[in-house]
Amino acid sequence: MGTYSPTWDGLFRTNLDRQFNPTHYYTDDQTIISQSRAIYINVEGYRSATAAADRPRFRDAVQKGADYLLGH
């Protein structure tokens, strides 16, 4: 979804190939639903992370994804 790319802008991209590169199979458009689902997935990742060291990456993804959603 782009989260671990160093140039990630906060938009969760759901159209990816097996190497996590963006594809243009159906559409380039992302929806509020796909963005919200990805934010939720990362919230649950944060809540279920057993190691405290794993939580910041989920928290950062949630924050940056929410910022993108609110800004666009």
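Throughout this document, residue positions are counted from 1 along each chain, in the order its sequence is written. Totals for whole chains, interfaces and linings use every residue, but because this is a predicted model, local features are given only for residues with pLDDT of at least 70 and side-chain atom pairs only at 80 or more, for both listing and counting. Only heavy atoms go into the side-chain values, all of them from the structure, while hydrogens and water stay out.

A.B. asks: What is the right way to look at the packing of helix α1 (residues 32-48) against helix α2 (residues 55-71) in this model?
C.D. replies: Relative orientation and spacing of two packed helices are given, respectively, by the angle between their axes and the distance between those axes. Two elements in contact, α1 and α2, have axes whose closest approach is 8 Å; the angle formed by their N-to-C orientations is 160°. Relative to α2, the element α1 is oriented roughly antiparallel. In the packing of α1 onto α2, the handedness of the crossing is left-handed. Across the interface between the two elements, Ile32, Gln35, Ser36, Ile39, Asn42, Val43, Gly45 and Tyr46 of α1 pack against Arg55, Phe58, Arg59, Ala61, Val62, Gly65, Ala66, Tyr68 and Leu69 of α2. To obtain an axis, a line is fitted to C-alpha atoms, over the contacting stretch when the element is a helix, and the angle between two such axes runs from 0 to 180 degrees between their N-to-C directions. Helix and strand definitions follow DSSP, with helices as H or I runs of at least four residues and strands as E runs of at least two, each counted in order from the N terminus. Any angle from 65 to 115 degrees is called roughly perpendicular, while one under 35 is roughly parallel, one over 145 is roughly antiparallel, and all others are oblique. Handedness of a crossing follows from how the near helix is turned relative to the far one, being left-handed for an anticlockwise turn of less than a right angle and right-handed for a clockwise one. Contacts are assigned to residue pairs that have any heavy atoms within 4.5 Å of one another.

A.B. asks: Is there a simple way to explain the packing of aromatic side chains in this structure?
C.D. replies: Aromatic rings considered in pairs are described by the distance between their centres and by the relative angle of their planes. Here a Phe, Tyr or Trp ring, Trp counted by its six-membered ring, pairs with any other such ring whose centre lies within 6.5 Å, and the pair is stacked when the planes are under 30 degrees apart, edge-to-face when over 60, and tilted otherwise. Taken as a whole and assessed by the stated rule, the structure comprises one aromatic pair. Ring centres 5.0 Å apart and planes at 55° place the aromatic pair Trp8 and Phe12 in the tilted group. Any Lys NZ or Arg CZ found within 6 Å of a ring centre and within 35 degrees of that ring's normal is scored as a charge over the ring. Here the basic side chain of Arg55 rests over the ring of Tyr46, its NZ or CZ set 5.9 Å away from the ring centre.

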